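# Examining the three-dimensional arrangement
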Amino acid sequence: MSGSVNITSATADPALLDLPWHLPLDAWPNENIAALPKGLSRHLVRFAHLSGRVVAIKETTSEMAKREYEMLRTLQGLEIPCVEPLAVITNRTNEDGEPLNSVLVTRHLKFSLPYRALYSQTLRPTTATRLVDALALLLVRVHMAGLFWGDVSLSNTLFRRDAGAFAAYLVDAETGQLYPGGLSKGQRENDLEIARVNIAGELMDLEAGGRAADELDPIRVSNGIVNAYRLLWTELTGSESFASSERWRITERVERLNDLGFDIEELAIKTDATGSTVRIQPKVVDAGHHQRRLLRLTGLDAEENQARRLLNDLDAYRLAYGDPASDEEALAHEWVVRVFEPVIRAIPRDLKGKLEPAEVFHQLLDHRWYMAQNQSRDIPLAEAVTSYVQDVLRHRRDEATVIEPATGSITIPIDVTNDDVAAAAGDTSADDAQDWRLKV
């Protein structure tokens, strides 16, 4: 690096000094660039290697870079799904002393992809609908935090697989404006209309390029974000009245919100003067109900739908093998040791970058169920693992770009047995009577 630059960063990484900041971003040498799929952007964005990981670098003005850096840090504090800001680089000059654009550096979100990379040949209507549903949920969470996004689109979002659905993460926050007092209905509707128009345009662009299935209707799909958003917003914030004799509906409302992945910190309950009518109103709603329960019980960190699926398997395990008097945390530890960890260890090393562990486990459960339906018999987990690895996982493209993230799932250490090593190599000839995988 020649010349001098100003680096603003919350985490000190000396490797930032080794990147060629004296060169325009489009002239960086290949040795610094990571070849990853990118979404559409009004700014030049490139991926680069940094300390064994991958970062996204966006050229923009100094003011916009600083503003977006602070906004992303604020959103992280509010637990809004978004990329992690690493640094702002200003005062860049080339070798002739001419000024270069400032840049914003963010950490690449492992196992995430832009929407254009989530299909192999053409975008199917079902995939497009799932993307829009994920974006609607993100927009609800953003609005509940008091953020007017201002440029809602599929291009400004990254998606991670989440047990058959997608989880959306905010990427571009340069137009965002935070209102501590919350958003008005007009501000929310404006953001929603921006999303509807942008999504329709993005899907029409794919359609014009022959990258969308013939049956895909961009207008219908983009209108779907309006319906999905309003249904979810009403469920989370709307009030409900019922007769005092139907107090069970309070529990039903809470359970519906939990099923959507939200926890209630406070619930306002009022009765009328006669005491015959009850009115309830959720006051504070937090996302991640199943994520938090899974993390509390097992130490595993997963997306919301993945967490729900893993908890279902954990609950089934507890019913089948648990002692009714056993502690829930103890049974969860046993499930991790006997079920989850051995399955993940059985994935060959060269395939571990295909999908994140929680998504692998979810897909394995689906694969085992389909095998059982097709063959009309119970499928031992060892057999399902072997079939899934050879017939499904091996043929997927890698969705991981970083082998060791800065933070990962907290797992429970267990001993590796010879049977585990054999299973990882695809050998199922070990003594079946002693193999836990035949018993769960």
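In case you missed it, the structure is sitting above this.
Cut-offs and rules
The numbering scheme is per chain: residues are counted from 1 as the chain's sequence reads. Reporting in this predicted model follows two pLDDT cut-offs: at least 70 for local features of residues, and 80 or more for side-chain atom pairs to be given and counted; totals over whole chains, interfaces and linings ignore these cut-offs and use all residues. Computation of side-chain values: all heavy atoms of the structure, hydrogens and water removed. Only runs of H or I of at least four residues qualify as helices and only runs of E of at least two qualify as strands under DSSP, and these elements are numbered from the N terminus. For every residue, the accessible area obtained with a 1.4 Å probe (protein chains only) is divided by the maximum for its type, and the residue is called buried under 20%, exposed over 50%, and partly exposed between those limits. By the convention used here, residues are in contact when the closest approach between their heavy atoms is within 4.5 Å. For the area figures, the Shrake-Rupley method with a 1.4 Å probe applies, and any residue is considered shielded solely by the protein chains shown. Any two rings among Phe, Tyr and Trp, with Trp reduced to its six-membered ring, count as a pair given centres within 6.5 Å; such a pair is stacked if its planes are under 30 degrees apart, edge-to-face if over 60, and tilted if neither. This arc is taken over the directions from the axis of the helix to the C-beta atoms. Pairing between strands requires that DSSP locate at least two bridges from one strand to the other. Throughout, an axis means a line fitted to C-alpha atoms (over the contacting stretch in the case of helices), and angles, computed between N-to-C directions, take values from 0 to 180 degrees. Buried Ala, Val, Leu, Ile, Met, Phe, Trp, Tyr and Cys residues that are joined via side-chain atoms within 4.5 Å together make up what is termed a nonpolar core.

Moving on, we get to the overall build of the protein. Secondary structure summary: the protein contains 11 helices and 13 strands in total. Evaluated residue by residue, the protein yields a buried proportion of 47% over its 440 residues. A fraction of 65% describes how many contacts in the protein between residues 6 or more apart in sequence connect residues 24 or more apart. Carbon and sulfur atoms form 49% of the exposed surface of the protein, whose accessible area is close to 21400 Å².

So, on to the packing of aromatic side chains. Inspection of the entire model under this criterion finds 8 aromatic pairs. Ring centres of Trp335 and Phe361 lie 5.7 Å apart, and the angle between their planes is 80°; this geometry places the pair in the edge-to-face category. Pair noted here: Trp335 is in helix α8 (residues 328-345) and Phe361 is in helix α9 (residues 357-375), with a separation of 26 residues, a long-range link. Accessibility classification places Trp335 together with Phe361 in one group, the buried group. Pairing Trp369 with Tyr370 gives two aromatic rings, centres 5.0 Å apart and planes at 80°, and the pair type is edge-to-face. Its relative accessible area of 48% is what places Trp369 among the partly exposed residues.

A few words now on helix α6 (residues 289-298). His289, His290, Leu294, Leu297 and Thr298 are the residues of α6 that are buried. What you see down the axis of α6 is that its buried residues fit within an arc of 125°, all on one side. Just past α6, the residue Gly299 takes up positive phi, approximately 80°.

Of all 8 residues making up strand β3 (residues 53-60), 7 are buried, and the element is well covered by its neighbours. Relative to β3, strand β2 (residues 45-50) runs antiparallel, the two being bridged by 6 bridges. Paired with Arg46 across the strands is Ile57, a residue of β3. Joining the antiparallel neighbours β2 and β3 is a turn of 2 residues, in which Ser51 adopts a positive phi near 55°.

What the 5 strands build is an open sheet, ordered β1-β4-β5-β3-β2; its pairing is antiparallel. The sheet terminates laterally at β1 (6-9) and β2, the two strands that pair on one side only. Across the sheet, the mean angle from the axis of one strand to that of its neighbour is 25°, orientation sign disregarded. Pairing of β3 with strand β5 (residues 102-107) involves 6 bridges; the strand directions are antiparallel. By the bridge assignment, Ala56 is partnered in β5 with Thr106. Sheet strands in contact with helix α1 (residues 62-77) are β1, β3, β4 (84-90) and β5, and its direction is about 160° off that of β4.

Counting residues in hydrophobic clusters, the biggest one holds 55 residues, and the most contacted among them are Phe159 and Leu170. Elements with a minimum of two residues in this core: α1, α2 (125-144), β8 (157-162), β9 (165-170), α3 (185-208) and α4 (218-237). Here this core takes 10 residues from α2, the largest share from any one element. By size, the runner-up hydrophobic cluster in this structure holds 33 residues, among which are Leu294, Leu297, Trp335 and Met371.

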